[in-house]
Amino acid sequence: MRSSESLEPTKAERRRAKRAAAKAQSGVWYPKAYWQRFATPGMLWMLMFFVVPFYVIISVAFGTVDPVFRSPLPVYQPWWWSFDAAAEAVGKIFGPFRETYIRTFTFVVISSSVCLILGYTVAYYVARFGGKRRTLFLILLISPFWISYLMRMLAWRSLLTDDGYVNQILTFLHFPSVGWLEGQPVTVILGLVYGYIPYMILPLYGFLDRIDGALLEAGRDLGASPRETFWKVTLPLSRPAIAAALVIVSLPMFGDYYTNNMLSNSPRTVMIGNILDDAVNTSGQGPEAAVFTLVLMVILLIPMLYYLRSTARELARR
Amino acid sequence: MTAPTTTRTPGRVPVGGGTPTQPRSRQSWRRDPWRRPRILETVTWAYLAWSLLPVILAIFMSFSSGRSNSTFQGPLTLQYWVGTGFEGDNQSLFRDPDLRSAIRQTFVLSFATMALAVPFGVAFAIGLDRWRGRPASGANILMLMSFVVPEIILGVTALYFVLYLFKFIPLGTPAQLMALVTFQMSYPVIIVRARLLSIGKEYEEAAMDLGAPPKQSITRALLPLLMPAILASLALVFADTVDHFVTVAYLSGASESQTLSMKIYTQTRGAPSPAVNAAATFMLMSTSLVIALGYVAYRRYSRGQADTGMTSFTSQV
């Protein structure tokens, strides 16, 4: 019992009042830290298996190598990190691997531009003119998601082999047959576009479908032709969606090594992912692989953060 | 308002003018704002053909009688599915011991991932949705991050984690499962959170007003409402795990932990036989089956609620 003179509420009282207020606001009362209990297992799991591994990668990158077995010895104390090996690996990026990095950027820029032009056209058509067939279109557009990526590459590999159907058609039309799978940049770009374009179309469709028809009608009422309405209303409106979709398709392309390995497997088309994959699979190159992973992460950090911000905004708008 | 009507009758005259020209010249077709977008339509159908025909051809090839998987040889057979008596490594999908073990491993991983990632994810989503603190938003960013980081980065970090820090997790099924659960958890979280946003708190609060303790208000009011989202994420996690390749390949140990997708990868790079196509087709069939089951269950559970149907299911997916 507290004395009646003191007007200051005690701590316990304040807490009780707070809870009562919360109850009055939401109508119900939950035990203390109720929702935290739901989130904790998942949170611990993510910390343990998603955040800590990144620290391990850093420790391997700045760690040492066992002198006998050539296996990496990660160093977990930042004050003992050595940056010599890492500097050497980064030096390689500007030396022997420079061309690969430039090639990767070129491939990714070309492939994602093709994805954008083709994907936007398809998404726009289905969103605006899909009509009664919209469901059919959607099923057809989504189906590539349920077909394994590797199967889709396998399909192209069979089409493009020396005696495959593409070359059979070329020979039939009296063109010389082409060694598509012998390190042609075109083939790799085709593979990347084919592999990742579904990830472009669906978000764009989702956005274009939500554009308020009244805006388009307003444009038409104000005397714009359909073409002008598209260039002055629809396209500027969809700019954020385009940026997000470009990020979605280009991020996995940067880390892609299997498309290249399945459709070309030649040093002429090697990409960043291939260097990384080779380093992981070669014994004694553990720290180098870790450095390459970190470099890739740093390169992709800005687009990733952009994507996170745009999804957060999108959620806030709903 | 004299807004132009939005009917798309061909030949209808645009605002402001003239009489419809009956024998339509090319000029008038180009000027007609309500004309059918033939170019867009052609591009769309061409895209769909380009995106699906190669796969259909690859499926077809698994029923070929020849040894090549690039040129079809009739008649249609099942010999690369169930056939016996091949010489060399030209085995059929269900007889080759390696492929059989790959099928087993694929399903073991998919079901185990589904069983772990979905409950974790659903609880995580409920917690994140209601607990609006700094840790919660941090966890949310982590979740989205695991969604956008390229798979190779996730694969390498998980591999080094298991190799150098958590050495007690052996390569093979345990390591693969650890990584898969980590990276698949974001699907249920994203899907369930979207659903939580749309159902709001009212049902639960009503249940509690009627005397249900907090626990029951979750199990009796919230979970049934979340069922469509849970089913959608179950189907999605299963289908995605079956197709998973990069992390699973990095974390595989002995040959027993090789999955179908790894087999397809290695054999495609070598000399693929139609058995590889059979394996890929089999994967496609199982994911389609699960997605279809998920859709049927989704329809059943979301009956009587707003937004049912293919479009909302696919938008969840």
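Residues numbered from 1 in each chain as written. Chains lettered and ligands numbered in written order. Predicted model: local features only at pLDDT ≥ 70, side-chain atom pairs only at ≥ 80, totals over all residues.

### Concerning the overall build of chain A
Each helix and strand in chain A was counted, giving 14 helices and two strands. In terms of overall size, chain A is more extended than a compact globule, its C-alpha atoms giving a radius of gyration of 28 Å where 318 residues would be expected to give roughly 20 Å. Each principal axis of the C-alpha atoms in chain A carries an extent, and together these give about 105 × 75 × 30 Å. With 318 residues in all, chain A has 36% of them scored as buried. Pairs at least 24 residues apart make up 65% of the contacts formed inside chain A by residues separated by at least 6 positions. (Helix = DSSP H or I, 4+ residues; strand = E, 2+ residues; numbered from the N terminus. Rg over C-alpha atoms; globule rule 2.2 N^0.38 Å. Buried ≥ 20, exposed ≤ 12 C-beta atoms within 10 Å, placed from the backbone. Contact = placed C-beta atoms within 7 Å.)

### So, the nonpolar core
Grouped together as the largest cluster of nonpolar side chains are 154 residues, with contacts concentrated most on A:M151, A:L276, B:V156 and B:A279. Here this core gets 14 residues from one element, more than from any other, and that element is helix α4 (residues 97–130) of chain B. Counting only domains with at least three residues in this core, you end up with domain 1 (33–82) and domain 2 (95–317) of chain A. Beyond its immediate stretch of four places on either side in the chain, A:M151 contacts B:V55, B:A58, B:I264, B:A280, B:M283 and B:L284. (Core = buried A, V, L, I, M, F, W, Y, C linked by C-beta atoms within 7 Å. Domains from an automatic or database assignment.)

### Comments concerning the interface of chain A and chain B
Facing the 85 residues of chain A at the interface are 78 residues of chain B. Here the element with the most residues in the side of chain A that touches chain B is helix α2 (residues 34–61) of chain A; it accounts for 19 residues. Of the residues that constitute the side of chain A that touches chain B, the class distribution is 58 nonpolar, 19 polar and eight charged. (Nonpolar A, V, L, I, M, F, W, Y, C, P; charged D, E, K, R; others polar.)

### Description of the packing of α4(B) against helix α8 (residues 186–199) of chain B
Residue and element names in this part refer to chain B. The contact between α4 and α8 brings their axes to 8 Å, and the two run at 40°. Regarding the angle of α4 to α8, the classification is oblique. At the point where α4 passes α8, the crossing takes the right-handed sense. Two secondary-structure elements touch here, α4 through A117, V118, G121, V122, F124, A125, I126, L128 and D129 and α8 through Y187, P188, V189, V192, R193 and L196. Taken together, the residues of the contact of α4 with α8 sort by class into 12 nonpolar, one polar and two charged. (Axes fitted to C-alpha atoms, helices over the stretch in contact; angles between N-to-C directions. Parallel < 35°, antiparallel > 145°, perpendicular 65-115°, else oblique. Left-handed = near helix turned anticlockwise from the far one by under 90°.)

### Observations concerning the domain arrangement of chain A
All names here are of chain A. The assigned domain composition of chain A is domain 1 (33–82) and domain 2 (95–317). When each unit is reduced to the centre of its C-alpha atoms, the spacing between domain 1 and domain 2 is 32 Å. Every contact between the two is made by nine residues of domain 1 and, on the other side, eight residues of domain 2. By residue number, the principal contributor to the side of domain 1 that touches domain 2 is α2, which donates four residues. In terms of residue class, the side of domain 1 that touches domain 2 is built from six nonpolar, two polar and one charged.

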